[in-house]
Amino acid sequence: MPAKTATPAKSTPSATHDATSHNAVQTLWKAYTETTSSRLKTIDAFLFFLMLSGIAQFVYCVLVTNFPFNAFLAGFASCVGQFVLAASLRTQVNPANRSQFKEVSPERAFADFALGSIVLHFFVFNFLG
Amino acid sequence: MATKAAYDLPHNLSQSTVSNTSSLLRIIALALISGAAIASRLFAVINFESIIHEFDPWFNYRATRVLAEKGFYAFWNWFDPTAWYPLGRVVGGTIYPGLMATSGVIYNILHALNLPVDIRNICVLLAPGFSALTAWSTYMFTKEMKDESAGLLAAAFIGIVPGYISRSVAGSYDNEAIAIFLLMFTFFAWIKALKTGSAFFGTIAALFYFYMVAAWGGYAFITNMIPLHALALILMGRYSPRLYVAYSSWYAVGTLASMQVPFVGFQPVRTSEHMAALGVFGLLQIIAFAELVRSHVSSKQFQTLLFASVIGTGILGTVGIIVLTYKGWIAPWTGRFYSLWDTGYAKKYIPIIASVSEHQPTAWPSFFMDLQFLIFLFPAGVVMCFKQLRDEHVFVIIYALVASYFAGVMVRLMLTLTPVVCVAAAIAFSSLLDTYINPDEPDVPEETQKDADSATLADGSSSTATPSVSKKAKKAKDSAAAPTNALTDIVSSVTASTPNQKGERPHGVFGLDSRLVVLLNAIGMLVFFVLHCTWVTANAYSSPSVVLASQNPDGSQHIIDDFREAYYWLRQNTAEDAVVMSWWDYGYQIAGMADRPTLVDNNTWNNTHIATVGKAMSSSEEVAYPILRKHDVEYVLIIFGGLIGYSGDDINKFLWMVRIAQGVWPDEIQEPNYFTRTGEYRVDDAAPPTMKNSLMYKMSYYRFAELFGGNQAVDRVRGQAVPKSGPTLDYLDEAFTSENWIVRIYQVKKEDLLGRDLKSANAFEQGKKRKRTKPSARRRAIV
């Protein structure tokens, strides 16, 4: 389906467009569940949780108050920081990226992750106020 | 032996012996470089004494003393009521505390080891000590670019290059003293993180970035350099997971860390200067997500969808940032930023920034003065980076471009250019050495052997003429990036001079003589570089400017110590809370050496307050007096160089005072009034009345003519004859004038006890009759 509908996608009604993209999402999800190891899935779950937590804080800041701005920043930065550190860990331990990270073994990657998190949360704690 | 060698190498050495010896030699070389870097910065101590230099260091020194004596918390919460009288200054929240904290830590460590070192000596020697660390970090950085030998050359260059020494001699206790080390180390950690894709080095980069933020306002350079590099890599299609790991870990930890410094506060999320870093961070997240999705789905349509959404989100983000800027959520670019792009901006809108001499555009000779032969090796090194163009070379190229521009705009930014010049020049120079020291000779088929020999001979003989030597050496340097290319050039240039019989010739350097010619030339350049650096350091950059040196007729050194003489006079002879007014340049020195409250100082945060001082200095006595009284000024201190020819005096800075005052009171102070009708700036008889009546003029030349005993009094700075009947002062009394008249201190008179204005009171005391025609009440000072 993809190659044929790719070109006329613009002219066809949006319903088909939605359908194809819906299909694409489905295939993506299928491919993801099939090819990803359970370890990476654990990390992904953590990433998803961090994302929700960050979004919740941001929404609170926008809708309710940003009053202790430093506290918001600390909380939000802890989510974002932890997210990117975990995402880094995920890329580093992903077997598909093995060729990119010749000097970073999975164990080393986890040590890096732990160190980065400690430093990050030290600053978060200091900034909470 | 498969290949011929120009000279014999020992063959019976094992691989490990060679590597061990070379690493030992590297350590020794680095130690010697550190020693040379420290030693060449000690001229100031040897020629003068262990003293804090210039202006800003005096404040840093004073703050460090508070830190050492009263502890960190007292320093952190320090409110200084004597600065910016009567406003005061929250010092803890308005400084970059990194420098003081560093000295404080060193001080406490030494004292814990029972080494009772004076805090002043730590402050004086901090900059030389950190220059050794800078040399080391430059070595590490350059090692990532090329190899160890280039690293050693770069370390040697940065150790003694005047462009860096100018801000790090012993006693120059300023933020830059440690900042350049932090800059180079942060860049090294960033490059390392990018190369290995390690979050560990990303975190290290973030920690040193934090240290840098705590130490110097120039941290914004890193804040924009690293995103620029990342963006360039993305645009070049060089996105890799390593880039994601390095950048994300640096940005996430580093930004949060930078907000811990009170002076920086929320700026990283609120000002435009920091938005580039945030934008690239967001972009990287999107790209990483897209890459992840792409690895799972290979559908073409999905990819186009993805591509469109990435672009869309990017545009949306940019628009969002612009909208936030207009809404006032993100502060727009500051004036200091604009002054970097429009060199005339500061002069028009922020005269205070323009008035600082180190904010002037750089003069061409100072590039050569500060960098000597590195400045023409620099482009060669950048070209070599283009030839290899790995990710880290892109960084050097961007750094070189950006820093070259900034160094041209502002003299002080020469400092940020210097490291990259050293790195690039070291890459170029070490490629040259690699090519010509390498003993491998190319294989030459028998029939062309003779020809080649004659070619080398021709080369050797032709290069005895000096111009061709330098030309050839330069050419070799320019193109030595890939040895083969360099050799192509050499050989083609050689063969061009001899009849070419064969079309195809082997590439390489033939014989010892051609090697020696180039190498001796290169070594000669190095020797001249060392001589130049030593000379510049000793003669131009080692003056404390608190103590001046001149030469006696017999050639011996004569120390002019007027500044300290005057400051100690203030300290000994005035009340502890006596407010001293001076131009802002001397605020820190007065606070540091005389320990007296000042109206304005070198931390130029309040333009109006400075303009008030400018107005008092540039208006007549009658106008200035109420200003002085309102600010409780008891003494006015000015710098006057007319007697001994000290050109950095207040009369030469006077026009800036006028301009700054004019910026706030355009109706009362007008710059053209201080020029003669022909537009000249004069202090002699032809000076305009506004000039002659200004407080600054009067204080400078008060009783100056008497010094010449009836002869024509001459101002030696401006080379003009000063009027014989000098100005008179009614509202001020001369309190102190130093030995060479450099510092003059005036006491502000109190109101007359009988309620007269001081002018008529003065006239009465001198026995003059009051002229009835002029009602004195008009001139009465309003207090």
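About the thresholds
- For every chain, the first residue of its written sequence is number 1, and the numbers climb from 1 along that sequence.
- Key to labels: chains lettered from A, ligands numbered from 1, both in the order written.
- Local features in a predicted model are, by the rule used here, given only for residues with pLDDT of at least 70; side-chain atom pairs are given and counted only at 80 or more, and totals for whole chains, interfaces and linings are based on all residues.
- With hydrogens and water stripped out, all remaining heavy atoms of the structure feed into the side-chain values.
- Only C-alpha atoms enter the line fits that serve as axes; for helices the fit covers just the stretch in contact. Angles between N-to-C directions range over 0 to 180 degrees.
- Only DSSP runs of H or I with at least four residues qualify as helices, and only runs of E with at least two residues qualify as strands; both kinds are numbered from the N terminus onward.
- Comment on the angle field: the value is read as roughly parallel under 35 degrees, roughly antiparallel over 145, roughly perpendicular from 65 to 115, and oblique elsewhere.
- Handedness of a crossing follows from how the near helix is turned relative to the far one, being left-handed for an anticlockwise turn of less than a right angle and right-handed for a clockwise one.
- Residues are treated as being in contact if the distance between any of their heavy atoms lies within 4.5 Å.
- Amino acid classes used here: Ala, Val, Leu, Ile, Met, Phe, Trp, Tyr, Cys and Pro are nonpolar; Asp, Glu, Lys and Arg are charged; the rest, including Gly, are polar.
- Each salt bridge in this description consists of a side-chain nitrogen of Lys or Arg and a carboxyl oxygen of Asp or Glu lying within 4 Å of one another.
- Buried, partly exposed and exposed residues are distinguished by accessible area as a fraction of the type maximum, computed with a 1.4 Å probe on protein chains only: under 20%, between the cut-offs, and over 50%, respectively.
- One requirement defines pairing of two strands: DSSP has to find at least two bridges between them.
- An expected span of 1.5 Å times one less than the residue number is assigned to each helix.
- Side-chain atoms within 4.5 Å are what join buried Ala, Val, Leu, Ile, Met, Phe, Trp, Tyr and Cys residues into a set we call a nonpolar core.
- On a range of 0 to 100, pLDDT expresses the predictor's confidence in each residue.
- Summed over both partners, the accessible area lost on bringing two parts together, with a 1.4 Å probe, is the buried area.
- Pairs of N or O atoms within 3.5 Å make up the polar contacts considered here, provided that, within protein, one atom can donate a hydrogen while the other can accept it, and that residues adjacent in sequence are counted only when both atoms are side-chain atoms.
- Detection works on a 1 Å grid of protein atoms alone, calling trapped sets that fit a 1.4 Å probe cavities and calling open sets with protein on both sides within 12 Å along at least five of seven lines pockets, with lining residues defined by an atom within 4 Å of a point.
- Grid points are joined across faces, edges and corners, and a volume is the space filled by probe spheres set on the points.
- Planes of paired rings set the category: under 30 degrees apart is stacked, over 60 is edge-to-face and the rest tilted, where pairs are Phe, Tyr or Trp rings (Trp by its six-membered ring) whose centres lie within 6.5 Å.
- Both a distance and an angle decide whether a charge sits over a ring: NZ of Lys or CZ of Arg must be within 6 Å of the ring centre and within 35 degrees of the ring normal.

### Regarding the packing of helix α9 (residues 176-196) of chain B against helix α11 (residues 219-235) of chain B
All names here are of chain B.
So, step 1. At their nearest, the axes of α9 and α11 sit 11 Å apart, and the two run at 25° to each other. One element, α9, and the other, α11, form an angle in the roughly parallel class. Crossing hand, α9 versus α11: right-handed. Of the residues in α11, those touching α9 at L183, T186, F187, W190, I191 and L194 are F221, I222, M225, I226, H229 and L233.
So, step 2. Broken down by class, the residue content of the contact of α9 with α11 amounts to ten nonpolar, two polar and no charged.

### A short note on the pattern of salt bridges
All names here are of chain B.
So, step 1. Applying the stated criterion across every chain yields a total of 26 salt bridges over all chains.
So, step 2. In this structure, E176 engages R412 in a salt bridge whose closest nitrogen and oxygen atoms are separated by 3.5 Å. With E176 in helix α9 and R412 in the loop between α21 (391-409) and α22 (414-437), this residue pair connects regions lying 236 residues apart in the sequence.
So, step 3. Of the residues examined, R412 reaches a relative accessible area of 24% and is grouped as partly exposed.

### Concerning the sheet that holds strand β8 (residues 633-639) of chain B
Residues and elements named next belong to chain B.
So, step 1. The strand order β7-β8-β12-β11 describes an open sheet built from four strands, whose pairing is mixed. At either margin of the open sheet sits one strand with a lone partner, and together these are β7 (579-581) and β11 (732-737). Put simply, the sheet's adjacent strands are angled 30° from each other on average, direction ignored.
So, step 2. Strand direction decides the pairing type here: β11 and strand β12 (residues 743-748), joined by five bridges, are antiparallel. Looking at β12, one finds that L732 is bridged to V748.

### Quick look at helix α27 (residues 562-573) of chain B
So, step 1. A rise of 1.5 Å per residue sets the reference length of α27(B), with its twelve residues, at 16 Å; its end C-alpha atoms lie 16 Å apart and thus fit the reference within 8%.
So, step 2. Every buried residue belonging to α27(B) is among B:D562, B:F563, B:R564, B:A566, B:Y567, B:W569 and B:L570, and all of these are buried.

### Observations concerning the nonpolar core
So, step 1. Grouped together as the largest cluster of nonpolar side chains are 191 residues, with contacts concentrated most on B:F141, B:F187, B:Y247, B:L374, B:L417 and B:F563.
So, step 2. If one sorts the elements of this core by residue count, α22(B) sits on top with 16 residues.

### Here's the deal with the pairing of β12(B)
All names here are of chain B.
So, step 1. Counted residue by residue, β12 has five buried out of six residues, so it is predominantly covered.
So, step 2. Sheet topology note: the β8/β12 ladder contains five bridges and is antiparallel. When the sheet's bridge partners are listed, I639 is paired in β12 with V743.
So, step 3. With antiparallel pairing between neighbouring strands as the criterion, β11 and β12 make up a hairpin whose turn holds five residues, including W741 at a positive phi of roughly 65°.

### Details of helix α26 (residues 511-539) of chain B
So, step 1. If you check α26(B), its first and last C-alpha atoms are 43 Å apart, about what 29 residues at 1.5 Å a residue would give, namely 42 Å.
So, step 2. Along α26(B), the residues classified as buried are B:S514, B:R515, B:V518, B:L519, B:A522, B:M525, B:F529, B:H532, B:C533, B:V536 and B:T537.

### Topic: the environment of B:V396
Residues and elements named next belong to chain B.
So, step 1. Within the secondary structure, V396 sits in helix α21.
So, step 2. C-alpha of V396 to C-alpha of S23: the two residues are 373 residues apart in sequence and 26 Å apart in space.
So, step 3. Those residues within four positions of V396 in sequence are excluded, and the remaining contacts are F141, M145, C385 and V420.

### Let's talk about the environment of B:G648
Residues and elements named next belong to chain B.
So, step 1. Inspection of the secondary structure puts G648 in the loop between β8 and α31 (650-664).
So, step 2. In this structure the C-alpha to C-alpha distance between G648 and I742, which are 94 residues apart in sequence, comes to 10.0 Å.
So, step 3. The residues contacting G648, other than those within four sequence positions of it, are Y586 and K653.

### Considerations on the confidence of the model for chain B
All names here are of chain B.
So, step 1. The predicted model of chain B averages 83 in pLDDT, with 88% of residues at 70 or higher.
So, step 2. Ranking the elements of chain B by mean pLDDT puts helix α24 (residues 466-478) last, at 42, and helix α10 (residues 199-215) first, at 94.
So, step 3. Confidence drops under a pLDDT of 50 for residues 448-484, and excluding neighbours within four residues, the segment shows 52 contacts in the predicted structure.
So, step 4. Counted against residues more than four places away or in other chains, residues 490-502, with its pLDDT under 50, gives 18 contacts.
So, step 5. Two summary scores accompany this predicted model of the complex, namely pTM at 0.85 and ipTM at 0.86.

### Focus on the interface of chain A and chain B
A common way to express how large an interface is: the accessible area buried when the components associate.
So, step 1. If you look at the interface, chain A gives 43 residues, while chain B gives 36 residues.
So, step 2. Summed over both sides, the interface of chain A with chain B buries roughly 3300 Å², with 74% coming from carbon and sulfur.
So, step 3. When the area that chain A buries against chain B is broken down by residue, the three leading residues are A:Q100, A:F123 and A:F127, summing to 17%.
So, step 4. Taken together, the links from chain A to chain B amount to zero salt bridges.
So, step 5. Here chain A is connected to chain B by seven residue pairs in polar contact (both at pLDDT 80 or more).
So, step 6. Counting only elements with at least two residues in the side of chain A that touches chain B, the list comes to α1 (2-6), α2 (14-35), α4 (69-93) and α5 (106-128) of chain A.
So, step 7. With 15 residues, the single largest contributor to the side of chain A that touches chain B is α4(A).
So, step 8. Split by residue class, the side of chain A that touches chain B holds 24 nonpolar, 15 polar and four charged.

### Regarding the side chain of A:Q82
All names here are of chain A.
So, step 1. Its location among the elements puts Q82 in helix α4.
So, step 2. With relative accessibility at 7%, the residue Q82 sits in the buried group.
So, step 3. Apart from residues no more than four positions distant in its own chain, Q82 is found in contact with F46, L50, A77, F113, S117, L120 and H121.

### Notes on empty space enclosed by the protein
Residue and element names in this part refer to chain B.
So, step 1. Evaluated as defined, the whole model comprises two cavities of 30 Å³ or more.
So, step 2. Estimated volume of the second largest cavity: approximately 50 Å³.
So, step 3. Residue lining of the second largest cavity: Y209, T223, W250, Y251, T255, P268, H274 and A277, and that is the complete set.
So, step 4. Per-element tally for the lining of the second largest cavity: the top contributor is helix α12 (residues 241-258), with three residues.
So, step 5. Considered class by class, the residues forming the lining of the second largest cavity number five nonpolar, three polar and no charged.

### A word on the pairing of strand β5 (residues 548-551) of chain B
So, step 1. Sheet analysis places β5(B) next to strand β6 (residues 557-560) of chain B, joined by four bridges and oriented antiparallel. Across the sheet, the residue bridging to B:A549 is B:I559, located in β6(B).

### Observations regarding the packing of aromatic side chains
Think of a pair of aromatic rings as described by two things: how far the centres are apart, and how the planes are tilted against each other in angle.
So, step 1. Applying the stated criterion across every chain yields a total of 59 aromatic pairs over all chains.
So, step 2. Within the aromatic cluster, the residues linked to one another by ring pairs are B:W190, B:Y209, B:Y219, B:Y247, B:W250, B:Y251 and B:F281.
So, step 3. Taking NZ or CZ as reference, B:R270 lies 4.7 Å from the ring centre of A:F69, over its face.
So, step 4. Positioned over the ring face of B:W656 is B:R659, at 4.5 Å from the centre of the ring.

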